[in-house]
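Coordinate analysis (summary)
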Amino acid sequence: MSVTVSLINMKGGVGKTTLAFNLAWYAAWKANLRVLVVDLDPQSNLSQYFMGAQKYLEYLEAGKATVVEVFEQFSAAKAGSGSPTPLEPSDVIHELRNWDDDSLLHLVPARLELAWTLKNPTEKSQLLPQFLSKVSDNYDLILIDCAPTESILTTAAYRSSRYVAVPVRPEFLATIGLPLLARSLAEFKMMHQDQDLDMAGIVFNGLRRTNTPPEQTKSIADVSSLAATHGWPVFSEVAHHSDSYPAGSRQGDPIFMTNYARDYVKGEFNKVAKKFLEAVGAI
């Protein structure tokens, strides 16, 4: 049985997608886990990181299924059948890597049209957990990369997850999305008291390793104080700033495979990833 974790922050630009990309790679490559990643952000940056911009475009142009179809559940009627066809998991799960029977990395891609779901507020949030329940036995870890907004997609992620984790970039207004997230989680738990949904922890991204600016120091203190009021853990392990993270993402490589990435940068991330997997019980 897999454990499902949503990476979420109501504030954008916190390195959430980059963290999801690298965590998924670490879990599959270094921890030998079977990993499924779900891109639940209409911007689809995670899908492009994993597939590469050109292959991602070709995937869409070929009319292949994405997470949009998960929320629709049926493919369009065809001339031969005259009726809609139920969505099969194999139609929407894209194989990124499959090294052996014990380690694999798969993706449910997104596309911009996922935003249509936000304009159609019918109750579809149960469709994602229903879909994932069909394949959960095939994986050890399912990661959901959430959009930075409160919507039906957020509810769908919550309903699918055992844990949430919050990437935070220590900067001015770093806490701005956390009160909204706290309220969002509290309201969800009130409405779904039969589901266990716990905070795995807050993960800091982009902290300067040396000569840390006072603004970052204050931001960490503010976030830690707010986290304490809600009983949220804060990882002591930090993904420090490195230009190798965006460089690797553009290449489609995790930090530990990125050209010219410093060994200490790789080592720091390994500690973050190991702590994350321990926190959610994946290892």
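What this report covers is the structure whose coordinates are included nearby. (Residues numbered from 1 in each chain as written. Predicted model: local features only at pLDDT ≥ 70, side-chain atom pairs only at ≥ 80, totals over all residues. Heavy atoms only, no water.)

**So, the packing of helix α7 (residues 127–135) against helix α8 (residues 152–160)**
Heads up, the condition is: A fitted line through C-alpha atoms represents every axis, and for helices the fit uses only the stretch in contact; the resulting angles, taken between N-to-C directions, go from 0 to 180 degrees. Comment: elements are numbered from the N terminus, with helices defined as DSSP H or I runs of at least four residues and strands as E runs of at least two. Rotating anticlockwise by less than a right angle from the far helix to the near helix defines a left-handed crossing, while the corresponding clockwise rotation defines a right-handed one. Contacts: residue pairs with any heavy atoms within 4.5 Å of one another.
Where α7 contacts α8, the two axes come as close as 8 Å, and the packing angle between them is 35 degrees. Read as a crossing pair, α7 and α8 show a hand that is right-handed. Contact residues: α7 offers Leu-128, Pro-129 and Leu-132, while α8 offers Ala-156, Ala-157, Arg-159 and Ser-160.

**Considering the pairing of strand β7 (residues 141–146)**
Keep this limit in mind: Residue exposure (1.4 Å probe, protein chains only): buried if accessible area is under 20% of the type maximum, exposed if over 50%, otherwise partly exposed. A strand pair is defined by DSSP finding two or more bridges across the two strands.
Taking burial as the measure, the six residues of β7 include six buried ones, the bulk of the element. Where burial is concerned, the two faces of β7 agree: the one with Leu-141, Leu-143 and Asp-145 and the one with Ile-142, Ile-144 and Cys-146 are both buried. With five bridges joining them, strand β1 (residues 3–7) and β7 adopt parallel strand pairing. Across the sheet, the residue bridging to Ser-6 is Ile-144, located in β7. Inspection of the sheet shows strand β2 (residues 34–40) paired to β7 by six bridges, in the parallel sense. Each bridged residue has a counterpart across the sheet, and for Val-35 the counterpart in β7 is Leu-141.

**Observations concerning helix α1 (residues 16–29)**
Definition in use: Multiply 1.5 Å by the residue count of a helix minus one, and that product is the helix's expected span.
For α1, spanning 14 residues, the distance from its first C-alpha to its last is 20 Å, which sits close to the expected 20 Å at 1.5 Å a residue. Across the 14 residues of α1, 13 count as buried, placing the element largely inside the fold.

**Focus: the nonpolar core**
Put simply, the test is: Residues enter a nonpolar core if they are buried and are Ala, Val, Leu, Ile, Met, Phe, Trp, Tyr or Cys, with the set joined through side-chain atoms within 4.5 Å.
Leu-36, Val-38, Leu-40, Val-67, Leu-128, Tyr-158 and Trp-232 are the most contacted members of the largest nonpolar core, which has 49 residues in total. Those residues in contact with Tyr-158 that sit more than four places away from it in its chain are Ile-8, Met-10, Val-164, Leu-181, Ser-184, Leu-185, Phe-188, Gln-195 and Leu-197. Counting residues in hydrophobic clusters, the runner-up holds 43 residues, among them Phe-21, Leu-96, Leu-107 and Val-272.

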